[in-house]
Structures are given as C-alpha cells and as structure tokens.
Amino acid sequence: MAARTPRPPPSPLEAHLGFWLRFVSNHVSMRFRQLLDQEGISVAEWVALRTLLERPDASHAELIAALGVTKGAASKLISRLEDKGLAQRQHAGAGARAQTLRLTARGRASLPRLAALADDNDRHFFGHLGTQEREALMQALQRLVRHHELKIPPVE
C-alpha cells in the first residue's frame with residue numbers, strides 16, 4: 001500500500017483576506033447600526049431613504065432591485081417608512097394598482113443628519129488612513145465589486 005502524502009495543516013484564520021474584511025466590516029456595520037438606532041432608523045431604512053433620494057417616484061420593483069429584498073420585505077419596509085412619516089406611496093395613475101414611492105418633506109429633511117452619521121462612522125474607522133490609503137482601499141474594494149459583478153448593497 002502506497003504511503004499517503006500528509007496534507008498541510010490548515011492555514012491560520014488570520015492568513016485570509018476574507019477574515020480581515022469581515023472583521024472590519026462587522027465592526028463598521030455594527031457601529032453604524034448603533035448610530036442609526038439612536039435615530040430610530042434601521043440600516044435597511046437608511047438604504048431605502050438614500051435610494052428614494054436618488055430615484056424620486058421609484059416603483060416597488062425599483063426599490064426591491066436596489067435593496068435586493070423580497071416583495072414582502074420591501075412592503076414592510078415601506079410601511080415602516082410611512083409610519084415614521086419619511087416616505088409615502090402614491091398611485092401611479094387613475095385606478096392603477098401600481099404605486100410609486102417618494103420621500104416626504106420630513107424624509108428629505110432627515111437625510112443630511114443621517115448622512116452625517118455615515119460620514120462620522122467612516123471618519124471613525126478610516127480617518128486615520130492617509131488620503132492615498134483611503135483611495136487605494138476604496139478602489140480595491142470597488143474593483144472586487146465590479147469583478148464579481150456584485151449588485152445588492154448591504155442592508156443588514
């Protein structure tokens with residue numbers, strides 16, 4: 001019987017880029033979620049608000065595609081935004097079942113304050129990096145997104 005070649009031991013967890021990306025990402029996301037929680041907003045609601053700012057009168061389908069959630073999850077999310085007075089549904093035509101979504105004045109007014117929280121979170125985690133380091137990190141991550149054709153933004 002031939003002797004088996006022993007397998008090399010598993011590489012250490014810390015040897016994987018994915019480990020470090022997840023380590024940093026979890027902490028960045030957790031702190032941002034905590035900042036938003038203080039404002040009574042979830043990360044998914046924040047992403048939806050930003051989407052509606054960029055796409056006034058978005059359809060349910062557009063919001064579903066932008067968030068990468070199911071129709072039911074999008075409907076619940078929209079209902080929460082309506083309950084908070086941040087967004088509203090409008091019928092897309094007389095007697096039509098189709099609806100569009102748009103920010104309310106209160107929703108638009110909340111965005112600068114919420115965006116400042118995102119900016120603060122970025123400064124907290126990445127502010128110590130030099131401009132070139134931040135740009136290189138951003139470009140590397142964006143290259144990964146393009147290479148792997150990643151489309152759905154992180155919402156939770």
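The residue numbering used here restarts from 1 in each chain and proceeds along that chain's sequence as written. Only residues with pLDDT of at least 70 get local features here, since the model is predicted, and only at 80 or more are side-chain atom pairs given and counted; chain-wide, interface and lining totals rely on the full set of residues. To obtain the side-chain values, all non-hydrogen atoms of the structure were included, while hydrogens and water were left out.

Peer 1: Help me understand the overall build of the chain in this model?
Peer 2: Strands here mean DSSP runs of E at least two residues long; helices mean DSSP runs of H or I at least four residues long; both are numbered from the N terminus. Scanning the chain from N- to C-terminus turns up 6 helices and 3 strands. Written out in order from the N terminus, the α and β elements of the chain read α-α-β-α-α-β-β-α-α. This radius of gyration counts C-alpha atoms alone. The globule rule is 2.2 Å times how many residues there are, raised to the power 0.38. At 21 Å, the chain has a C-alpha radius of gyration far larger than the 15 Å of a compact globule built from 156 residues. For the chain, the spread of C-alpha atoms along the principal axes amounts to about 80 × 45 × 25 Å. Accessibility here uses a 1.4 Å probe with only protein chains present; expressed as a share of the type maximum, an area under 20% marks a residue as buried, one over 50% as exposed, and anything in between as partly exposed. The burial tally for the chain puts 24% of its 156 residues in the buried class. If you take every contact in the chain between residues at least 6 apart in sequence, the share linking residues at least 24 apart comes to 55%. For the accessible areas, the method is Shrake-Rupley and the probe is 1.4 Å, while residue cover comes only from the protein chains on display. Split by element, the accessible area of the chain, about 11,200 Å² in all, is 57% carbon and sulfur. Counting 22 positive and 16 negative side-chain charges, the chain places the averaged centre of each group 5 Å from the other. Residues count as neighbours in contact if any of their non-hydrogen atoms are within 4.5 Å of one another. Under this rule, positive means Lys or Arg and negative means Asp or Glu; His and the chain ends count for nothing. Think of each charge as sitting on NZ of Lys, CZ of Arg, CG of Asp or CD of Glu.

Peer 1: What's the story with the packing of helix H2 (residues 43-54) against helix H4 (residues 71-83) in this structure? I'm lost.
Peer 2: When two helices pack together, their arrangement is given by the angle between the helix axes and by the axis-to-axis distance. To obtain an axis, a line is fitted to C-alpha atoms, over the contacting stretch when the element is a helix, and the angle between two such axes runs from 0 to 180 degrees between their N-to-C directions. Viewed as axis vectors pointing N to C, H2 and H4 meet at an angle of 80 degrees, and their least axial separation amounts to 10 Å. With respect to H4, the axis of H2 lies roughly perpendicular. Every residue of H4 that contacts H2 at Ala-44, Glu-45, Ala-48 and Leu-49 is listed here: Leu-77, Arg-80 and Leu-81. Should an angle fall under 35 degrees it is called roughly parallel, over 145 degrees roughly antiparallel, and 65 to 115 degrees roughly perpendicular, with every other angle called oblique.

Peer 1: Looking at this model, I keep getting lost on unusual backbone geometry. Mind explaining?
Peer 2: Across residues other than glycine, the phi torsion is negative in most instances, and most of the peptide bonds are trans. For Asp-57, which is not glycine, the phi dihedral falls at a positive 60 degrees. Since its relative accessible area comes to 33%, Asp-57 is described here as partly exposed. Backbone geometry places Glu-149, a non-glycine residue, at a positive phi of 50 degrees. Tracing the sequence through the fold places Glu-149 in the segment after helix H6 (131-147). According to the relative accessible area criterion, Glu-149 is exposed, its value standing at 60%.

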